[in-house]
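Reading the structure
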Amino acid sequence: MIRSILLLLAFCPLFTVAQTDSIAIRKIFTTALTQGDCYENLRQLTKISGRISGSSQAEKAVQWAKQRMTDLGFDSVYLQECMVPKWVRGEKEVASIYVNGKKTAVPVCALGGSIGTGTKGIEAQVVEVKNFSELEALGEAKLKGRIVFYNRPMDDNDIYPFESYGKAVDQRWAGASEAAKYGASGVIVRSMTHARDDHPHTGAMEYADPARMIPAVAISTNGADLLSAQLKKDPSTKAYFRTTCETLPDVKSYNVIGEIHGTSDRKKVIVVGGHLDAWDNGEGAHDDGAGCVQAMEVLSIFKKAGIKPAHTIRAVMFMNEESLGRGAEKYAEEVKRTNEKHLAAIESDAGGFSPRGFAMEGPEMHCAKVRSWKPLFEPYGVYDFGRRGAGADVEPLTKQNILAMELIPDGQRYFDYHHAATDVFANINKRELEMGAAAMASLVFMIDSHPFE
């Protein structure tokens, strides 16, 4: 098999270790691009749309992932139980604003975790703010009974969209809690996207004070621009929205785990993963069906290419990343409880676009070793190894001094689809998805072949 051949070549004076690794990585990319299953696997997974944690769709996805990894012939496939929140969106949201005295419908969706308005909905004068400082300056006198409209867009000047997202998302996460302090009746939040369209983007929010909970919705960027323009003409403009969402008691769900066992040191593990849950307003193709099927594909590539890993390679389909991260917490808890040795953990949760590199968080010695492999990846357009950070589902492992990494795809289009109804299989490119899986498999190969001291 290929590993045996590579070991022989390693002793040949014509081949350096780097040349041996280069041959293996080329074999991995060839396998992914010519024998890959991840695109068809994603087609199947996205047929189970609306995989929000605690839902029947999420349960179907769990069973699908377990059966699919069994069919792929992994050495072991099993479920890891965790309790997850159950938030239900309810009836389709309705919203309107008054433009030149005429009631005009605008696209909105409830934020994940929000309370509902009740069947009658709420109507009130709108007050636009850009940040929490402006909110504080207005105070209760100007906000009580009003609808607060957070209209801080993602910064178009940032090169990396995730930086823009990080600077804007606090209004979605904490906007309702902050507005409730001043007696607001509800909040409307501009969608987290650079795109100008009619698709509202949902996402998680949190109530800091259970005694002060007000309903919150995201409005499409076109809707936000319309509302802002109307407020400039008439500061007394009113808005109406109706939502029937609610939070029910926690329910049992699962992380889904598949493994191929190591040939010489199977008790040491390299993890690859994505999250199986997805918001209920789309198919969850980029976020994060892509990461799930890429993680599965890493193991498949090893099997198809005849690579026998020294250590156990484990694919984890995490549950509940989109709100509270219960699956990630459970996985890290079990690693600590069993004192299981992990060499590294790699997550894909930034879309199925062309891979550009890996962010990493963990022991600096390990990070430096991974960065030294950059020349092996550059021929495949994978060159960015300088960023710090780790995916949300593997980040808890850093507390146990485990190297955690995240695949960095080209992210310029990611927030066009993120948490929106446009996150569908039709917006996935087959080769880009396969290239990402190959990049992950290549990094796993390098860690397996050159384990950290």
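As the structure is a computational prediction, the values presented were derived from the model and not from experiment.

**Details of the overall build of the protein**
Summing up its helical and strand segments, the protein has 14 helices and 15 strands in all. Here the protein has a C-alpha radius of gyration of 24 Å; the compact-globule value for 453 residues is 22 Å, and the two agree. Referenced to the eigenvectors of the C-alpha coordinate spread, the extents of the protein come out at roughly 80 × 40 × 35 Å. Relative to its full complement of 453 residues, the protein shows a buried share of 58%.

**A closer look at helix α10 (residues 326-338)**
Between its first and last C-alpha, α10 extends 18 Å over 13 residues, near the 18 Å set by a 1.5 Å rise per residue. Looking only at α10, the buried set comprises Gly327, Ala328, Tyr331, Ala332, Glu334 and Val335. Down the axis of α10, the buried side of the element spans an arc of 160 degrees, and every buried residue falls inside it. Structural note: α10 exposes Lys336 and Arg337 on the side pointing more than 90 degrees away from its buried face. The elements touched by buried residues of α10 are β1 (76-88), β10 (246-260), β11 (265-275), β12 (311-318) and β13 (341-347). Directly after α10, the chain includes Asn339, whose backbone phi takes a positive value near 55 degrees.

**Here we look at the confidence of the model for the protein**
Segments scoring low in pLDDT should not have their predicted coordinates read at a detailed level. Averaged over all residues, the pLDDT of the protein equals 95, while 96% of them reach at least 70. Low confidence marks residues 7-15, where pLDDT is under 50. Its contacts with residues over four positions away, or in another chain, come to eight contacts.

**Points about the sheet that holds strand β6 (residues 147-150)**
One open sheet accounts for eight strands, arranged β3-β2-β9-β5-β6-β7-β8-β4; its pairing is mixed. Either end of the sheet is taken by a strand with one partner, and the two such strands are β3 (102-105) and β4 (108-110). Geometrically, the sheet is characterised by an average inter-axis angle of 30 degrees between neighbouring strands, direction not taken into account. Here β6 runs beside strand β7 (residues 186-190); their pairing, made up of four bridges, is parallel. Directly across from Ile147, in β7, lies its bridge partner Gly186.

**Re the state of the cysteines**
The bond known as a disulfide is covalent and runs between the sulfur atoms of two cysteines. The full count for this structure, using the stated rule, is zero disulfides. Unpaired in terms of disulfides, Cys38 finds its nearest cysteine sulfur in Cys292, a separation of 12 Å. Relative accessible area serves as the criterion here: at 0%, Cys38 is assigned to the buried category.

**Observations concerning the pattern of salt bridges**
Applying the stated criterion across every chain yields a total of 29 salt bridges. Several salt bridges converge on common partners, so that one network encompasses Lys330, Glu333, Glu334 and Arg337.

Parameters and conventions
Residues numbered from 1 in each chain as written. Predicted model: local features only at pLDDT ≥ 70, side-chain atom pairs only at ≥ 80, totals over all residues. Heavy atoms only, no water. Helix = DSSP H or I, 4+ residues; strand = E, 2+ residues; numbered from the N terminus. Rg over C-alpha atoms; globule rule 2.2 N^0.38 Å. Buried < 20%, exposed > 50% of the residue type's maximum accessible area, 1.4 Å probe, protein only. Expected span 1.5 Å × (residues − 1). Arc of directions from axis to C-beta. Contact = heavy atoms within 4.5 Å. pLDDT = per-residue confidence, 0-100. Pairing = 2+ DSSP bridges. Axes fitted to C-alpha atoms, helices over the stretch in contact; angles between N-to-C directions. Disulfide = S-S within 2.5 Å. Salt bridge = Lys/Arg side-chain N within 4 Å of Asp/Glu carboxyl O.

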